[in-house]
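What follows is the residue order along each chain.
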Amino acid sequence: MEIIKYPDRSQWKGITERPYSDNRAVLDTVASVLEEVRSGGDAALITLAARFDGVALQSLAVTSGEMAAAEDLLAPELKEAIDAAYRNIRVFHAAQEKAEEAVETLPGVRCWRKSIGIERVGLYVPGGTAPLFSTVLMLGVPAQLAGCSIVVLCTPPMKDGSVHPAILYAARLCGISLVYKSGGAGAVAAMAYGTESIAAVHKIFGPGNQYVTAAKQLVQQSGVAIDMPAGPSEVCVIADESANAAFVAADLLSQAEHGPDSQVLLLTDSAPLLEGVQQELRRQLELLPRASVAGKALEKSRSVLVRDLDEALALANAYAAEHLILQCKDAETLAGRVINAGSVFIGPYSPESVGDYASGTNHTLPTNGFARAYSGVSLDSFVKKVSFQQLTRAGLESIAGTVTTMAEAEGLQAHAEAVRVRLGSSK
Ligand SMILES: NC(=O)c1ccc[n+]([C@@H]2O[C@H](COP(=O)([O-])OP(=O)(O)OC[C@H]3O[C@@H](n4cnc5c(N)ncnc54)[C@H](O)[C@@H]3O)[C@@H](O)[C@H]2O)c1
Ligand SMILES: N[C@H](CO)Cc1c[nH]c[nH+]1
Ligand SMILES: [Zn+2]
């Protein structure tokens, strides 16, 4: 891990840079995969599964038999954990369902909005190095609450050609039956363009590695919407001398273990804490089964000694992390000053892992600085807000002058006439 002490402003650009900021090679690979699927359909997806996942598939769809069998393949404690996480995620997302009131902007001019579920959505569940069944809940629960009528789920097959039973169990909980064995850019292309067996959707959701994220960005050109760029995981921790070095190191490692392209950032105003965290990182890393993955991510990560917590917060806002953890005195006050972050974890007992799995908040979050402008997935991501209005004749009379004056000033006479013709005042 690179250690930077008391940086000046000119170093901030380097500190906030992601390890994969130049993704031109990835974009080139992905563009050719998208074309392969657009022209080759299911056959191309089967070829891609052989090339990238090392699996010879006979077909892409998970059968109803495989779906039904999944439950019995899971340990009871894992099923209970998935059920508990499902409940919490549902409670948190259901609370976002707030009907807006109709408003009378003038007497007789009534306006309102209604949330309508997006009809066809596609969910990508990562599975390249770890089957992220928690992601099924993060995407499936809001899709279910929004009432999306067609929900397609794609995930890379495991080496034996099957899909992990926990993914299938979580899918069933969320009422999803259209599950396909397809990963990476190919899966994104299939959901964007459609193939013989996979229906094209209106919006694609879900996190993934650089290939998945690049594919989501490219397919938008064909008119499909995406949730946001949710690429390789990252975390920023702000800690002071009151923080427990073991807690901080554990939080950094929890995101570093996602993939070699993950990045973690420690910002502290305490030299002893910085040193303690480095020792803990060395100690804890050795104990991890994914030590080599986490170790590679740490190589591209940074610990920064800053002058005070104001500077730490300014740097964190500039970095715009997917996850921001505050392990310092007065963490609540600092949290109130956060401007850019996907999800914030306050105080020593709020590890980021709880948000990844079960506290209720969504773990599909913007990475690579996109938290400056994007929110994480929520119920809103799965609906359109359609506006409605209804005017009485008296309402139209009272607003007519405003509309016709503006329409004529824009040089749009027909707009003005559409009002006048109703009031018998056409020119
Ligand atoms: N931002 C978020 O909200 C969030 C949430 C969960 C996970 N993640 C991230 O998701 C990612 C999961 O990555 P993963 O790799 O384990 O699974 P993945 O499912 O995202 O990707 C696996 C697929 O990548 C494709 N691929 C692999 N190597 C390739 C190559 N050389 N060329 C073209 N395509 C290739 C293959 O099609 C493979 O099926 C991690 O980076 C993790 O940090 C992010
Ligand atoms: N930390 C990931 C989001 O960046 C989500 C996840 C899933 N499983 C474990 N973690
Ligand atoms: Zn995680």
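As the structure is a computational prediction, the values presented were derived from the model and not from experiment.

**Q** Honestly, the UniProt feature "binding site: Zn(2+)" (unreviewed entry) in the protein in this entry has me stumped. Any pointers?
**A** What UniProt calls "binding site: Zn(2+)" (unreviewed entry) maps, in this numbering, to Gln255, His258, Asp356 and His415. These annotated residues cover 161 residues of sequence, and their C-alpha atoms sit far apart, with the largest distance between any two at 55.4 Å. Here Gln255 shows up in helix 9 (residues 245-256). Each residue touching Gln255, except ones within four places of it in the same chain, is listed here: Ser233, Glu234, Val235, Ser262, Val264, His323, Glu352 and Asp356. Here His258 shows up in the loop between helix 9 and strand 10 (263-268). Residues in contact with His258, not counting those within four places in the same chain, are Thr129, Ser233, Arg290, Val293 and Asp356.

**Q** I tried to follow helix 6 (residues 165-173) on my own but got confused; where do I start?
**A** Across the nine residues of helix 6, seven count as buried, placing the element largely inside the fold. Every buried residue of helix 6 is listed here: Pro165, Ala166, Ile167, Leu168, Tyr169, Ala170 and Ala171. On the buried face of helix 6, the contacting elements are helix 3 (64-69), helix 4 (76-94), helix 5 (133-146), strand 5 (150-155) and strand 6 (178-181). Just past helix 6, the residue Gly175 takes up positive phi, approximately 75 degrees.

**Q** Just checking my understanding: could you explain the site of ligand 1 for this structure?
**A** In the region of ligand 1, 29 residues are neighbours, and Asp53, Tyr124, Thr129, Asn209 and Ser233 sit closest. In this structure, an oxygen atom belonging to ligand 1 sits 2.6 Å away from a side-chain N or O atom of Asp53. Between ligand 1 and Ser233, the relevant distance is 2.7 Å, taken from an oxygen atom to a side-chain nitrogen or oxygen of the residue. Protein contacts shield 86% of the accessible area of ligand 1, which totals 870 Å² for the unbound molecule. Mapped onto the shell around ligand 1, the elements with two or more residues apiece are helix 2 (24-53) and helix 8 (210-219). Examining the composition of the shell around ligand 1, we find that three residues originate from one element, helix 2, more than from any other. For the shell around ligand 1, the residue count by class is 11 nonpolar, 15 polar and three charged. Residue contributions to the shell around ligand 1 reach at least three from each of two domains, namely domain 1 (2-19 + 232-360) and domain 2 (23-103 + 115-226).

**Q** Got a minute to help me understand the coordination of the zinc ion (ligand 3) in this structure?
**A** At 2.1 Å from the zinc ion (ligand 3) lie its protein donor atoms, namely His258 (NE2) and Asp356 (OD). Every donor counted, the four donor atoms about the zinc ion (ligand 3) form angles of 87 to 177 degrees at the centre, which fits irregular coordination. With a gap of 98 residues between them, His258 in the loop between helix 9 and strand 10 and Asp356 in helix 14 (residues 352-357) connect regions that are remote in the sequence. Looking at His258, the relative accessible area reads 30%, which means it is partly exposed.

**Q** Help me understand the sheet that holds strand 3 (residues 109-117) in this model?
**A** Think of a sheet as strands paired side by side through backbone hydrogen bonds, with each pair either parallel or antiparallel. Read across the open sheet, the three strands follow the order 2-3-14; overall the sheet is antiparallel. Two strands bound the open sheet, and with one partner strand each, they are strand 2 (103-106) and strand 14 (383-391). Geometrically, the sheet is characterised by an average inter-axis angle of 30 degrees between neighbouring strands, direction not taken into account. Of the pairings in the sheet, the one linking strand 3 to strand 14 comprises nine bridges and is antiparallel in character.

**Q** For this particular structure, what's the right way to read the environment of Ser378?
**A** Inspection of the secondary structure assignment puts Ser378 in the loop between helix 14 and strand 14. In sequence terms Ser378 and Leu309 are 69 residues apart; their C-alpha atoms lie 30 Å from each other. Residues contacting Ser378, with those up to four places away along its chain left out, are His93, Gln96 and Pro142. Engagement of the side chain of Ser378 in a polar contact is seen with the backbone nitrogen of Asp380, the distance being 3.2 Å.

**Q** Explain the domain arrangement of the protein here, please?
**A** Split into domains, the protein comes out as domain 1 (2-19 + 232-360), domain 2 (23-103 + 115-226) and domain 3 (392-423). Distance between the C-alpha centres of domain 1 and domain 3: 57 Å.

**Q** Any chance you could explain the site of ligand 2 here in plain terms?
**A** Lining the immediate environment of ligand 2, one finds Leu132, Ser134, Ser233, Gln255, His258, Glu322, His323, Glu352, Asp356, Tyr357 and His363. Within the side chain of Asp356, one N or O atom sits 2.9 Å away from a nitrogen atom of ligand 2. Relative to its free-state accessible area of 290 Å², ligand 2 is covered by the protein chains to the extent of 93%. Residue contributions to the shell around ligand 2 peak at three residues, all from helix 14.

Cut-off values and rules
Residues numbered from 1 in each chain as written. Chains lettered and ligands numbered in written order. Predicted model: local features only at pLDDT ≥ 70, side-chain atom pairs only at ≥ 80, totals over all residues. Heavy atoms only, no water. UniProt positions renumbered as here; feature names shortened; annotations may be inferred. Helix = DSSP H or I, 4+ residues; strand = E, 2+ residues; numbered from the N terminus. Contact = heavy atoms within 4.5 Å. Buried < 20%, exposed > 50% of the residue type's maximum accessible area, 1.4 Å probe, protein only. Near = heavy atom within 4 Å. Polar contact = N/O pair within 3.5 Å; in protein donor to acceptor, adjacent residues only side chain to side chain. Areas by Shrake-Rupley, 256 points an atom, 1.4 Å probe, with all protein chains shown as cover. Nonpolar A, V, L, I, M, F, W, Y, C, P; charged D, E, K, R; others polar. Domains from an automatic or database assignment. Donors = N, O, S within 2.8 Å, 3.2 Å for Na, K, Ca; no water. Tetrahedral: all angles 85-135°; square planar, octahedral: opposite > 155°, others 65-115°. Pairing = 2+ DSSP bridges. Axes fitted to C-alpha atoms, helices over the stretch in contact; angles between N-to-C directions.

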